[in-house]
Amino acid sequence: MEWLWLVVALLVVLGMLGMVLPLLPGVPLLFGGLLLAAWLDDFSRVSALTMGVIGIVAALAWLVDLLASLLTARSAGASKLALWGTLAGALLGLAGGVPGLIIGTVLG
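All values derive from a computational prediction rather than experimental measurement.

*Asks:* It is not clear to me how the overall build of the protein chain should be interpreted in this structure. Could you clarify?
*Replies:* A count of helical and extended segments in the protein chain gives five helices and zero strands. For the protein chain, the residues scored as buried account for 28% of the 108 residues in total. Nonlocal contacts in the protein chain, meaning residues at least 24 apart in sequence, comprise 39% of its contacts between residues at least 6 apart. Counting every atom, the protein chain has about 7200 Å² of accessible surface; 77% of that belongs to carbon and sulfur.

What follows is the structure, encoded as structure tokens:
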């Protein structure tokens, strides 16, 4: 079980790096690390309700980040096909978890 705490630390660190590195999805990684930590601790320090609220905020932050990326690409002159490809890749990548999100966005 102790190795799962290493996974938590890795997810949180990658999430924090993802806040400044454009290739890493910072918000989903950070939320995943926090959710795993709360689950490992049997939600004794952080309730499931609190994690639900954090999850909603994380989803909104991810949506704003995705829309900001699309608007930035659009203002830089990307074609509509490129914008749709990026959006489709990111949404389809969600099914593959964190690796799918990264790979889907890049391939899209």
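Next, the rest of the story.
*Asks:* Any chance you could explain unusual backbone geometry here in plain terms?
*Replies:* Where the residue is not glycine, phi is negative for most of them; where a peptide bond is considered, it is trans in most cases. Backbone geometry places Asp42, a non-glycine residue, at a positive phi of 55°. Taking the relative accessible area as the measure of exposure, Asp42 reaches 66% and is therefore exposed. Of note, Phe43 is a non-glycine position whose phi angle comes to about 55°, a positive value. Relative to the helices and strands, Phe43 is located in the loop between α2 (26–40) and α3 (48–75).

*Asks:* Is there a simple way to explain a nonpolar patch on the surface in this structure?
*Replies:* Side chains of Val13, Met16, Leu17, Met19, Val20 and Leu21 sit close together on the surface and give an oily, nonpolar patch of about 570 Å² of accessible area. Its location among the elements puts Val20 in the loop between α1 (2–18) and α2. According to the relative accessible area criterion, Val20 is exposed, its value standing at 65%.

*Asks:* How should I be thinking about the environment of Ala61 in this particular structure?
*Replies:* Examined against the element boundaries, Ala61 turns out to sit in helix α3. Take Ala61: its relative accessible area is 31%, and that puts it in the partly exposed class. Here the alpha-carbon distance between Ala61 and Pro28, two residues 33 residues apart in the chain, equals 9.4 Å.

*Asks:* Just checking my understanding: could you explain the packing of α2 against α3 for this structure?
*Replies:* The description of two packed helices rests on the angle between their axes and on the distance between the axes. Relative to each other, α2 and α3 sit at 170°, their axes nearing to 9 Å. By the criterion of interaxial angle, the relationship of α2 to α3 is roughly antiparallel. Counted together, Val27, Pro28, Phe31, Leu34, Leu35 and Ala38 of α2 and Met51, Ile54, Gly55, Ala58, Ala61 and Trp62 of α3 form the full contact between these two elements. Along the lines of polarity and charge, the residues of the contact of α2 with α3 split into eleven nonpolar, one polar and no charged.

*Asks:* Honestly, α1 in this entry has me stumped. Any pointers?
*Replies:* Because each turn of an α-helix spans 3.6 residues, side chains separated by three or four positions end up pointing in the same direction. Here α1 is 17 residues long and its end C-alpha atoms lie 24 Å apart, about the 24 Å a rise of 1.5 Å per residue gives. Taken together, the buried residues of α1 touch α2.

*Asks:* Help me understand α2, please; the structure alone is not making it clear to me.
*Replies:* Helix length check: α2, at 15 residues, gives a terminal C-alpha distance of 21 Å against a target of 21 Å (1.5 Å per residue), a fit within 8%. One or two steps after α2, the chain reaches Asp42, where phi turns positive at roughly 55°.

*Asks:* Even after reading the chapter, I still don't get the environment of Leu63, so can you show me in this structure?
*Replies:* Following the sequence through the fold, Leu63 ends up in helix α3. Relative accessible area serves as the criterion here: at 40%, Leu63 is assigned to the partly exposed category. Linking Leu63 and Val27, residues 36 residues apart in sequence, is a C-alpha distance of 9.9 Å.

Cut-offs used in this document
Residue numbers here run from 1 along each chain, matching the order of that chain's written sequence. Side-chain atom pairs in this predicted model are given and counted only at pLDDT of 80 or more, local residue features only at pLDDT of at least 70, and totals for whole chains, interfaces and linings cover all residues. Side-chain calculation: all heavy atoms of the structure are included, whereas hydrogens and water are not. Segments assigned H or I by DSSP are reported as helices when at least four residues long, segments assigned E as strands when at least two residues long, and all are numbered from the N terminus. Think of it in three bands: with a 1.4 Å probe and only protein chains considered, a residue is buried below 20% of the maximum accessible area for its type, exposed above 50%, and partly exposed in between. Whether two residues touch is decided by their heavy atoms; if any such pair falls within 4.5 Å, the residues are in contact. For accessible areas, the Shrake-Rupley method is used with a probe of radius 1.4 Å. Any residue's cover is judged against the shown protein chains and nothing else. Only residues whose relative accessible area exceeds 30% and that take part in no salt bridge are eligible for patches, with like-charged residues grouped when within 9 Å of each other and nonpolar side chains (Val, Leu, Ile, Met, Phe, Trp, Tyr) grouped when within 5 Å. Each reported salt bridge corresponds to a side-chain nitrogen of Lys or Arg within 4 Å of a carboxyl oxygen of Asp or Glu. Angles here are taken between N-to-C directions and fall from 0 to 180 degrees, while the axes themselves are lines fitted to C-alpha atoms, restricted in helices to the stretch in contact. Roughly parallel means an angle under 35 degrees; roughly antiparallel, over 145; roughly perpendicular, 65 to 115; everything else is oblique. Gly falls in the polar group here, along with every residue not listed as nonpolar (Ala, Val, Leu, Ile, Met, Phe, Trp, Tyr, Cys, Pro) or charged (Asp, Glu, Lys, Arg). Multiply 1.5 Å by the residue count of a helix minus one, and that product is the helix's expected span.

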